Each structure stands twice: as structure tokens, then as C-alpha cells.
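Coordinate inspection notes
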Amino acid sequence: MDPVIVVGAGPVGLALSLALARHSVPSLVLDATDGHPQPRAARTCVLRADTAALLPPLPGLRWRSWRTRRRTQPVEEIDLPPEHAPLHVEQHALERALRAALADEKLVHVVTDSPVDLLEQDPRGVTAHTRGPSGTWWRGSYAVGCDGARSMVRKLLGVRFPGRTAVERHAVAALRVRLPWEEGEWGPDGVWEPGSVGGALLHRDPGGTPGEVTARPLTAGLWRLDWLLTPRGDLVTPEEMLERVADTLAVWSEEAHTLRVGAGGSREGAGHKDAGTPRARSRRRGAEESPGGIGAYELVDTGVHTAHQRLARHWRVDRAFLAGDAAHLTGALGVQSVDEGLRDVANLAWKLAVAWHDGHDGAARALLDSYEAERRGAVAARLRAVDQALPTVRKSGGLRSLLTGGGARAHLGLLTDGHLGHGLLGAPPTYAGTPLAPPRGSALQVPVRTPPGAPVDDVPVTAAGDGTRGTLRDWLGGTGGELLVVLVAPGTAVWDSRHWLTAGMMPELAANVERLPLRATLLVAEDYPGAAAHTVLVVRADGHLAAALPAGRADALRAWAEALRGGADIPPGDGSGREG
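Everything numeric here is computed off the predicted structure, so don't read it as measured data.

Take the pairing of strand 18 (residues 298-311) next. If a strand is regular, its side chains alternate between the two faces of the sheet. With 11 bridges connecting them, strand 12 (residues 163-176) and strand 18 associate as antiparallel partners. The residue bridging L175 from the neighbouring strand is L299, located in strand 18.

Written out as C-alpha cells, the structure is:
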């Protein structure tokens, strides 16, 4: 069978081809660039921990904490445990890591300098044409447009892209600097060595001046600073950017100095109060100060980030799909657009895999339709939440009456949600209304803490096939197939798996899993939040819980597997008779 054509080789396109390979599906990546992403330190991504877990190891930095301040007063500090800490990575580093992982994948073929200018479909597949000196036609089973905000695939499909332009703008600077709260230590040679984790800051009205700035750490002592601009203001000149950097560092240095003095620290070397402006004192301390303040900085990169709000009318047209920025534009109020696009990948990859392996029948078409129903619905809800929150965060009124606490904490809390992946502005969606479910009442469920359709918790598990131990996330993203069946069996963690893999209900459950119409893996967990002993969790390859079932209900397990396949109109079998 022909490969899946992936148009675009940014983070979303590369991640999709990698996910398809994990599902044993070949792909052809048509890359309009030369394949060498240019370093841009001011262009970065923040990924939720569960999103990053589906990717190869990335050279980013995890945040240990997130602090919010208003003027000189702390508002909130959130400690972030490692398992939930966001990963901050430069986009070019993310792309290079994905390209390196794809270099070892025999099922992925990347063709550079290949911009697509034509796309045709027929009942058996798609044909794409790339322009160039000779022009080339490519044949595929499906096509996915991951080619960004100006998507040619979207235009060729005739899909409208309504929304709003320039909802927010930020001036962005990437600095190599030691900020007062940065974690690390001074080496024996007197050189500051940044730590492997860092604390991010959201500061409203720094120094009493109206405005907003975020400081988010990267690796190697780099920081990304973002200053809120008016949505449709003038261009930011280099001189204005330097002034913003200097003023902000001066405020933070002055605050750090005040805190040290208030704590009984020495004023020596800090400069007398009449020795100049705060900026002048900051610059002097940058050259002279001992550990604890802000030293000299290196301006590595600058830019202006403009956030738009747009949503494609359709995400699927026959055998062609849209994903990432080709399907939606987000980014206002800290919402992370790359993370959102990678959620598209996780949702679409396993569904394409089922259709590619089992054939483009009626069930497969229903399954592929669910991509738009689930993901477009989730992103539409996110955009609505941003639209409702904007008046509260940026002006007044709006949601003020709906928020507990009010004031700076409520406003900054909404921004925190977007940056950290919490709440309406950042948390992963729950596909509660998914079409991939059996008729209501036909399959009994039991309660667990995770609602149906929500992402599962990451718990230690053991593979029933060979006794391999790991965590639930280790089997997601195609590693464990399109479906994971997790039996909650207390006591299994303390006994050697040889003693229980062939005992009790295990043989029968293993046989039932083997006969499911999806490629599935049986796992065993010692416990799961809110689950009673012998609960059976049905988990999709994208990490969302389909159902929690009582043990011994082979009919309910099969009903859910058939629903997740797109419908029950498929013959019974073991899932092994696949194309390709």
C-alpha cells in the first residue's frame, strides 16, 4: 500500500511521520526547505510533560517553578514536580531532534526542496505534485497538510480559514544572562554554571510601570523574555528592544538588591542611591557584582511574536487532512501552539494506522471522521476560552464575576494556565462526546478518577507478554499498538511476573485481547487512582481513556474495541490480516 504523504517538515509534520513509523506505517515527508532549520533562540516551544513523553529525548529545560508578581509583590508561586514540569525547548532544536530520530527510521522518507503545488484525490489514494526544475508526482494512500499557517494543502482543498488577526503581540528577546533567581552554582574558575532546571516568572507592571513581561529559562543559561505590546502597534526598533531589555534587567536587579539588603546583606559594591538611575546602577553591578545579582548579558536573538486566532472549517476532505498551524492558529494568553499541534498528531496517527493496515472501509471512514470531531471541537473550545478570558486579562469585566478571588491573582492565574498547560486555556481536552463509543448503556463501566475521554495518569505497569516493566506512557504513541488494555491487579508489583502471568484471569484476558480487532497490548498495574481491584482500563494510543470496565466482561471489551475501530461492521479476527 502507498505511504502516507506528509506535507511540511516542521515539528508537527516530523512528529507525525515518526508516530506513523511506530505504528508500522510508511510515510513520505515533502519538505519545502533545505532540511536544515536555522537557529532562532527567540523562537521556542513549551511542551506539557505528557506531550514531550511521546517524542524522542529533547535538549530542553524543565521548569522547577512558576512565579507571578505584580509590581514588587509576589502573587503566587507554583512548584512543578518533575513528572508534570513543562519542557521549554528552542524550536530548531526540537526539529533537529526529530530529524535525527527519523534518520534511523526505514519507514520514513524525507524529500527536501519539495514544495507542493498540486494535490489530487481518487477513491484509492492521493497524488501530490512538487514544483522544481523537473517537477515530480508522488503517490500516497493519504495526505496530511502540516505546512503551517499559509498552508498550500489547505488552499488546494478549498478549506476556509476564518478567525481574527493580531489578537496579541509580544516583543521577544533571547538573552544569555544570570537572573537573580536562576538556579545553578559558581564553578571553581569563577564561571556561573546554570542548573538543569529553572524557575519561570510572569511579572505584571514591573517597577510600577504598566506592562507585562515573562522570563522563561532555556538550556545553557539562555532566557526568553516576552513583553506585551499593543495588538496593532508600531514596529519595535532595535533601539527600543535594547531599552526594554535594559529597563527590565534594571528593575529585577534593583529588586534583588533590595531583598538582599532587607535580609541583612551588604550594600558594598551595589552603588550609592544617588550614583545614577536604576539602569546605570544595574549596568555597574553587571560588571562588578558578586553572586546574587544580574551580570553582563549577551543578546542572542530578538523578534516580534504575533498571535492569531483562526480555525479551519474542515480538517478532513476525503483522504486529505490538516494538522497543526494548517488547521488552527492559537498562541494568545500563553496558549502553546506547537503543543496543540502535537496533540493533533497523537490523535490522528493511530487512526491513520488502523485505516492503512485494515483498509479504507466504512469503519475506517468513520474512525477518520472522528479526528475532526474530536480535535476541531477541542481547539474550538480552547479558542472560545481565550476569547472569553481576553477582556478579563487585558482590560476589565468579562469573566471577572465568574472568577473566585478576583484581582491580580485571577488575571495572572489565567495566564499561568496557558503557559503551564492547566485549566481551560492549557489542559489537554477530554473527548467526552467522542463518536468512538458503543451505544449508550450497551457496555457497563466502573468508576475511576480519570473521566472517560480524558488523558490517563502515568502509572507503573508490567507487560503481560514478556514481563517488561515501565510506565504507562512507555507504551503510548504506537509502541503498544492502537489500544492498551490495563488490568488493575494489586500485589503484582511485589511478585515476580512469572508467578501471575499465567494465573487467575490472566490467560483468558490475554486471549480476549489477542482476538480484538485492533492491535492491542495487555498491561498490568498494581493500582490506578480511583480504580477497584480487577478493573480493566481501555486506553487509546493517544493516552486518552476510552472506558473502565469490570473484569471478566469480554463482550464489553470487544464492544469498545469495535467502537474505537470505527464501528462493529468488521469480521471477527485477531487483527493480524493487514495490508502492506
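We are not done yet, so read on.
This next bit is on the pattern of salt bridges. Tallied over the full model, the rule gives 29 salt bridges. Notably, a salt bridge pairs R69 with E255, separated by 3.6 Å at the nearest N-O pair. Note that R69 is positioned in strand 4 (residues 61-70) and E255 in helix 5 (residues 238-262), a separation of 186 residues in sequence. Accessibility assignment for this pair places R69 and E255 in one class, buried. Where E212 meets R204, a salt bridge forms, and the shortest distance between an N and an O atom there is 3.3 Å. Each of the salt bridges in this network shares a partner with another, and the network as a whole consists of D339, E340, R343, D344, R375 and R382.

A word on the side chain of R169. Tracing the sequence through the fold places R169 in strand 12. Among buried charged residues, R169 stands out as having no salt bridge; its nearest opposite-charge side chain is D234, 7.0 Å away. A polar atom in the side chain of R169 sits 3.3 Å from the backbone oxygen of P231. Among the polar contacts listed, one links the side chain of R169 to the backbone oxygen of D234, at a separation of 3.3 Å.

The six strands are arranged 7-2-1-11-20-19 in an open sheet whose pairing can be described as mixed. The open sheet has two free edges, formed respectively by strand 7 (108-111) and strand 19 (316-317), since each of these has just one partner strand. Of the pairings in the sheet, the one linking strand 2 (residues 27-30) to strand 7 comprises four bridges and is parallel in character. Within strand 7, the position partnered with L30 by the bridge is V111.

Right, let's talk about helix 12 (residues 554-565) for a bit. With 12 residues, helix 12 extends 16 Å between its outermost C-alpha atoms, agreeing within 8% with the 16 Å of an ideal straight helix rising 1.5 Å per residue. Burial analysis of helix 12 places 10 of its 12 residues in the buried class, which makes it a mostly covered element. A556, L557, R558, A559, W560, A561, E562, A563, L564 and R565 are the residues of helix 12 that are buried. In this fold, the buried residues of helix 12 make contact with helix 7 (337-358), helix 8 (362-394), strand 24 (483-488), helix 11 (506-514), strand 26 (536-540) and strand 27 (545-549). Downstream of helix 12 by a residue or two, G566 has a phi angle that is positive, lying close to 115°.

Quick notes on the rules
- Residues numbered from 1 in each chain as written.
- Predicted model: local features only at pLDDT ≥ 70, side-chain atom pairs only at ≥ 80, totals over all residues.
- Heavy atoms only, no water.
- Pairing = 2+ DSSP bridges.
- Helix = DSSP H or I, 4+ residues; strand = E, 2+ residues; numbered from the N terminus.
- Salt bridge = Lys/Arg side-chain N within 4 Å of Asp/Glu carboxyl O.
- Buried < 20%, exposed > 50% of the residue type's maximum accessible area, 1.4 Å probe, protein only.
- Lys, Arg positive; Asp, Glu negative; His and termini not counted.
- Polar contact = N/O pair within 3.5 Å; in protein donor to acceptor, adjacent residues only side chain to side chain.
- Expected span 1.5 Å × (residues − 1).
- Contact = heavy atoms within 4.5 Å.

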